Structures are given as structure tokens and as C-alpha cells.
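# Observations on the three-dimensional arrangement
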Amino acid sequence: MKTFNVNIVTPDGPVVDTNVELVSAKAQSGELGIMAGHVPMVAPLQIGAVRLVTDGKQSELVAISGGFLEVRPDQVTILAQAAEKAENIDVARAKEAQQRAEQLLQSKQQENIDFKRAELALKRAINRVNVYEGKL
Amino acid sequence: MASLRDIQTRITSTKKTSQITKAMQMVSASKLSRAESNAKSFVPYMDKIQEVVASIALGSKDVTHPMLVSRPVKKTGYLVITSDRGLAGAYNSSILRSVYKQIQERHTSKDEYVVIALGRVGRDFFRMRGIEAIESVTGLPDQPSFADVKEIVRKTVDLFSEGAYDELYMYYSHFVNAIQQDVTMKKVLPLTDIESSGGRLSSYEFEPSAEEILEVLLPQYAESLIYGALLDGKASEHAARMTAMQSATDNAKELIRALTLQYNRARQAAITQEITEIVGGAAALE
């Protein structure tokens, strides 16, 4: 199958730069699957996992925290504020963050800003744990 | 003239000082190389985001967003990036001097501007002059990751959207090379001067719509502008500190050389005097 180049770039440096057959990501408007020859496109991403399918069935998960995806005829770039490959995730820290966020959500139901922030933190933590455990 | 013992003490203490400054110089040198590589790994992200922002904002003229529009300026925000500690030569003072001059030239009353301080030196500078920074961050690590500054950067961009100020300038020290750093003023918001990085402008399809993408993209772009400046500033800080410590070490060496000469002269004078006394004493006996 035809492959194309995928780059995942964060402010702290590039995370992924490989050739793949399929990229599947969670955009704000829903799940997106991109293969070679896709029309140029830009879409914002949700906090979630990006699946990179290299030859055949081999696939790799990358945890993405916000950002967007840019498709060009020969290249896909994902610009994210944070991105980690499954093997680089500090799962203990993610679980800790998950607990902290859950506690915050239970105690501070009133203050809207904190509530929103805690919710996002919880989403990010759950996403990292899921990616680490290989769940989509 | 100082006694032999006094000179000896000064030589020893100067030597110790020079050891410290030498060590600080070497620490800064290694931090500088790390800071430089951090700044380098940020470049691809910045280039990419600039490219996409430019092709959306310039490519489709009918798209607009509050962050792209200049509004009447009632209040100006100044984001000042300094270090937490001193001993970095003119690094902090040159930034602060230039901001303060600008503020005094442009504004007549304190209601016309607000200050956001990144770094203790900057915050304290404005506090001393009775200007309390509306937001400040101190104790940033030497190699800040994006996660470390996400909060303050997001706050800064949010304050603009909420109307706390109508334009935002950022002052930082741009790293040219290890011996040259230039104080730089950059207008961050509104994003009026987006340049395309020369690459071809692609026409994209937007999913779901260009407006909604700008909604996500522009804050992220502004945030990365600030983060980029911070990395640049950190590299400058380490470079400035390295140069300052280098010259401190050189000065200490020069001082030690002068003191050693003085010490040897005094020692020689003491010996000569002793011999004269012995010879004088012997002559008196004959």
C-alpha cells in the first residue's frame, strides 16, 4: 500500500517522524482516517489517541493533548501541545494526575474555571493511561 | 603599605572568588548549550504553526477572528521576560531599561498599561516603582518545557481576549551568539503582522470550518510566540551569565597578578631590610 510521511511536532521537539499507511485521529468533529492522497485539510484535534498504521497490521498509538492536524498531498503534520508515544508515557504520573483531577472535580463543583481545567486535566490523564495500556 | 600577611589573605580570598566564578561560568556554558538545543527543537513547531496560520489567515480573506483585529487601544500590556537571579551582567538591566523608557514615553498615567512579569528580577523592578505586575511567574527552571509555562502563557492570551488590554508587547533578549544578545520588542497581540515563511500557500479544506480552526489555532500560535521568546531569553540569560562570569574570572586573575607582584616586592623589601640590619649590626661590633 502507498505510504506517506507523518510528523508529530510539539513545542519541546519532534516526537514522531515516520512513514505510515494510515493515520487515524480524533478530530473535534469526529474520528478521521487519513490515507495517502488525501485532499489538503486542516482540522483541530480532541485530547485523544492517534493511531499510526505502518505496513499491514502493525500499529502504534500516540497520546495527543490538543492541537491540530494538517494534511498535505505528501505529508501529514500534527501540531500538538504535548504528545507521547505509548512507551514514553509516565503512567504512574498520569494515574496520579487522574486521581488528583477526580478529587478536584468532586470537591469544587461550584467554581466554573477550576472545574473546566480539572476536567481537561482528567481527560488528558485518562488518555495517557489508555494509550499506555493500548486501548483506543 | 599593607603587611605581608594582609596581602597574602587578599590573594587567597581572590583566588577562592575566582574559583567560584570559574565554576559558575562553566555551569552557564553547559546550560547555554542545553538552552540552545531546546530553542532549536522548538523551531520546527514554530515554523509549521506559522505556515498554517499564514495560509489560513492570508489565504482566506473573508475569515476573521477577534485576535486578528486591531481595536482602539485603551490599555497596553507589557510582557517582560527576565531572569530570576542576577549575576548575569547587563542582561536584566538592559531589558528593564528599555521597557521602562518605552512605558514612560508612551503613557502618562498608570491606568494605561499593565505589566506581566516572567522572572523575579522584572517583577521586583516594577514593584519598586509602584507597579504591581498583574501576573507574574518566578522560579522557572533553566530548561523550561512547554508544560511549565502553559499556565501563564494561556492566561496572557486569555486576558487579551477578555479585554484586559488591547495590545500586547513582549520584551525579551534575543540570543544572537554567545557574546551578543539584543533586547527585542515584539508585538504579540493582535496578530496583525503574520508573515508567511516564504513557502507556498496551500489551499486547505477546513474541518469543520475556518473560523473554528482559527479559534483553536490562533491562541496556540500566540502561546507559542511567547514560549519561543522565553526559550530565546533563557539562552540569552545563560550566555550573558557566562560572559559576565568569564570577565569576573579574568578580573580576578588580573588582581591576583597585581597582588602577587606587590607581595613579592614587600617580601624582598623585608629581606633587604633584614640583611641591612645584620650587616649594620656586624659593622657596629668591629
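Residues numbered from 1 in each chain as written. Chains lettered and ligands numbered in written order. Predicted model: local features only at pLDDT ≥ 70, side-chain atom pairs only at ≥ 80, totals over all residues. Heavy atoms only, no water.

### Structural notes on the overall build of chain B
Short version of the rule: Secondary structure counts use DSSP, requiring at least four H or I residues in a row for a helix and at least two E residues in a row for a strand, with both numbered from the N terminus. When we talk radius of gyration, it's over C-alpha atoms, and the globule rule is simply 2.2 Å times the number of residues to the 0.38. Relative accessibility thresholds used throughout: buried, under 20% of the residue-type maximum; exposed, over 50%; partly exposed, between the two (1.4 Å probe, protein chains only).
The helix and strand inventory of chain B stands at 5 helices and 6 strands. Along the chain direction, N to C, the helices and strands of chain B fall in the order α-β-α-β-α-β-α-β-β-β-α. Here the C-alpha atoms of chain B give a radius of gyration of 28 Å, more than 25% beyond the 19 Å that 2.2 N^0.38 yields for 286 residues. With the C-alpha coordinates aligned to their principal axes, the bounding extent of chain B is approximately 115 × 40 × 25 Å. Counting only residues that meet the buried cut, chain B has 43% of its 286 residues in that class.

### Structural notes on the pattern of salt bridges
Definition in use: The working definition used for a salt bridge is a side-chain nitrogen of Lys or Arg within 4 Å of a carboxyl oxygen of Asp or Glu.
A complete count under the given rule lists 13 salt bridges over all chains for this structure. The partner of Lys48 of chain B in a salt bridge is Glu70 of chain A, with the nearest N and O atoms 3.6 Å apart. In this pair, Lys48 of chain B is assigned in helix α1 (residues 4–59) and Glu70 of chain A in strand β7 (residues 59–72), connecting two distinct chains. Accessibility assignment for this pair places Lys48 of chain B and Glu70 of chain A in one class, buried. Between Lys31 of chain B and Asp142 of chain B there is a salt bridge; the shortest N-O distance is 2.7 Å.

### Side note on the nonpolar core
How we decide: To qualify as a nonpolar core, a set must consist of buried Ala, Val, Leu, Ile, Met, Phe, Trp, Tyr and Cys residues joined through side-chain atoms within 4.5 Å. Residue contacts follow a heavy-atom distance rule, with two residues in contact if any of their heavy atoms lie within 4.5 Å.
Residues Ile49, Met67, Leu118, Leu189, Leu191 and Leu217 of chain B are the most contacted members of the largest nonpolar core, which totals 47 residues. Of all the elements in the fold, those that place two or more residues in this core are α1, β1 (76–81), β2 (113–118), α4 (146–162), β4 (167–177), β5 (180–189) and α5 (210–285) of chain B. The leading source of residues in this core is α5 of chain B, at 12 residues. In this structure, Leu189 of chain B is in contact with Met67, Val157, Phe160, Glu167, Leu168 and Ala222 of chain B, ignoring residues within four places of it in sequence. Counting residues in each nonpolar core, the second largest holds 23 residues, with Leu52, Ile64, Leu69 and Ile78 of chain A among its members.

### Overview of the confidence of the model for chain A
Our working definition: Each residue carries a pLDDT score, the predictor's confidence in it, ranging from 0 to 100.
Put simply, chain A has an average pLDDT of 81, and 93% of its residues get 70 or more. By mean pLDDT, the top-scoring element of chain A is strand β1 (residues 4–10) of chain A (88), and the lowest-scoring one is helix α2 (residues 112–132) of chain A (75).

### Some points on the pairing of β1 of chain A
All names here are of chain A. Keep this limit in mind: In this analysis, strands are considered paired if DSSP registers two or more bridges between them.
Summarising burial for β1: 7 of the 7 residues are buried, a large majority. In β1, alternate side chains face the same way, and those of Phe4, Val6, Ile8 and Thr10 on one face and Asn5, Asn7 and Val9 on the other are all buried. Linking β1 to strand β2 (residues 13–20), which pair antiparallel, is a turn of 2 residues. Two strands pair when backbone bridges link them, and β1 and strand β8 (residues 75–85) are joined in this way by 5 bridges, in the parallel orientation. Across the sheet, Val6 pairs through a bridge with Val76, a residue of β8.

### Details of helix α3 (residues 120–128) of chain B
All names here are of chain B. Rules: As used here, the arc belongs to the directions running from the helix axis to the C-beta atoms.
Buried within α3 we find Gly122, Arg123, Phe125 and Phe126. Projected onto a plane normal to the axis of α3, the buried residues spread over an arc of 160° and lie on a single side. Here the buried face of α3 lies against β1, α2 (91–106), β2 and β3 (135–137). Gly130, located one to two residues past α3, shows a positive phi value of around 75°.

### Details of the interface of chain A and chain B
A common way to state how big an interface is: give the accessible area lost once the parts meet. Basically, it comes down to this: By buried area we mean the combined loss of accessible area, with a 1.4 Å probe, across both parts when two parts are placed together. Residues adjacent in sequence count toward polar contacts only when both atoms are side-chain atoms; beyond that, a polar contact is any pair of N or O atoms within 3.5 Å, and within protein one must be able to donate a hydrogen and the other to accept it. Gly counts as polar in this scheme, as do all residues outside two lists: the nonpolar Ala, Val, Leu, Ile, Met, Phe, Trp, Tyr, Cys and Pro, and the charged Asp, Glu, Lys and Arg.
The partner chain B presents 28 residues to the 26 residues of chain A that form the contact. Each partner contributes to the roughly 2,400 Å² buried at the junction of chain A and chain B, and carbon and sulfur atoms together form 58% of this total. Among the residues of chain A in contact with chain B, Pro11, Val42 and Gln81 of chain A are the three that bury the most area, contributing 27% of the side total. At the junction of chain A with chain B, the criterion picks out 1 salt bridge. Run the count over chain A and chain B and you get 4 residue pairs in polar contact (both at pLDDT 80 or more). Partitioning the side of chain A that touches chain B into residue classes produces 13 nonpolar, 8 polar and 5 charged.

### Some remarks on the packing of aromatic side chains
Residue and element names in this part refer to chain B. Applicable threshold: Side-chain rings of Phe, Tyr and Trp, where Trp is taken by its six-membered ring, are said to pair if the distance between their centres is within 6.5 Å; with planes under 30 degrees apart they count as stacked, over 60 as edge-to-face, and otherwise as tilted. Comment: the charge-over-ring label is applied if NZ (Lys) or CZ (Arg) is within 6 Å of the ring centre and within 35 degrees of the ring normal.
One pass over the full model with this rule turns up 8 aromatic pairs over all chains. Ring centres of Phe42 and Tyr227 lie 5.2 Å apart, and the angle between their planes is 85°; this geometry places the pair in the edge-to-face category. One end of the pair, Phe42, is in helix α1; the other, Tyr227, is in helix α5, and 185 residues separate them in sequence. In this pair, the class of Phe42 matches that of Tyr227, namely buried. What links up through ring pairs into an aromatic cluster is the set Phe42, Tyr45, Phe146 and Tyr227. Taking the ring centre of Phe160 as reference, the NZ or CZ of Arg71 above it sits at 4.3 Å.

### Things to note about a nonpolar patch on the surface
Residues and elements named next belong to chain B. As a reminder, the rule being used: Grouping into patches uses exposed residues only, defined as over 30% relative accessible area, and leaves out salt-bridged ones; the cut-off is 9 Å for like charges and 5 Å for nonpolar side chains (Val, Leu, Ile, Met, Phe, Trp, Tyr). Note on areas: Shrake-Rupley, 1.4 Å probe, and residue coverage restricted to the protein chains presented here.
A grouping of Ile271, Ile275 and Val279 is seen on the molecular surface, where their side chains present a nonpolar patch of about 250 Å² in accessible area. Here Ile271 lies in helix α5. Classification of Ile271 as partly exposed rests on a relative accessible area of 35%.

### What about the packing of α2 of chain B against α3 of chain B?
Residue and element names in this part refer to chain B. Rules: The axes are straight lines fitted to the C-alpha atoms, using for helices just the contacting stretch, and the angles between their N-to-C directions are given from 0 to 180°. Roughly parallel means an angle under 35 degrees; roughly antiparallel means over 145; roughly perpendicular covers 65 to 115; every other angle is labelled oblique. Take the far helix as the reference: if the near one is turned anticlockwise from it by less than a right angle, the crossing is left-handed, and if turned clockwise, right-handed.
Where α2 meets α3, the closest approach of the two axes is 11 Å, and the angle between their N-to-C directions is 40°. Judged by the inter-axis angle, α2 sits oblique to α3. Here α2 and α3 pass one another in a crossing that is right-handed. Where α2 approaches α3, its residues Asn92, Leu96, Val99, Tyr100 and Ile103 are matched on the opposing element by Val121, Gly122, Phe125 and Phe126. Its residues assigned to classes, the contact of α2 with α3 comprises 7 nonpolar, 2 polar and no charged.

### A few points about the packing of α4 of chain B against α5 of chain B
All names here are of chain B. Where α4 contacts α5, the axes come no closer than 9 Å and their chain directions differ by 125°. By the angle class used here, α4 and α5 are oblique. The chirality of how α4 crosses α5 is right-handed. Across the interface between the two elements, Phe146, Val149, Val153, Arg154, Thr156 and Val157 of α4 pack against Pro219, Ala222, Glu223, Ile226, Tyr227 and Leu230 of α5. Looking at the contact of α4 with α5 residue by residue, the class counts come to 9 nonpolar, 1 polar and 2 charged.

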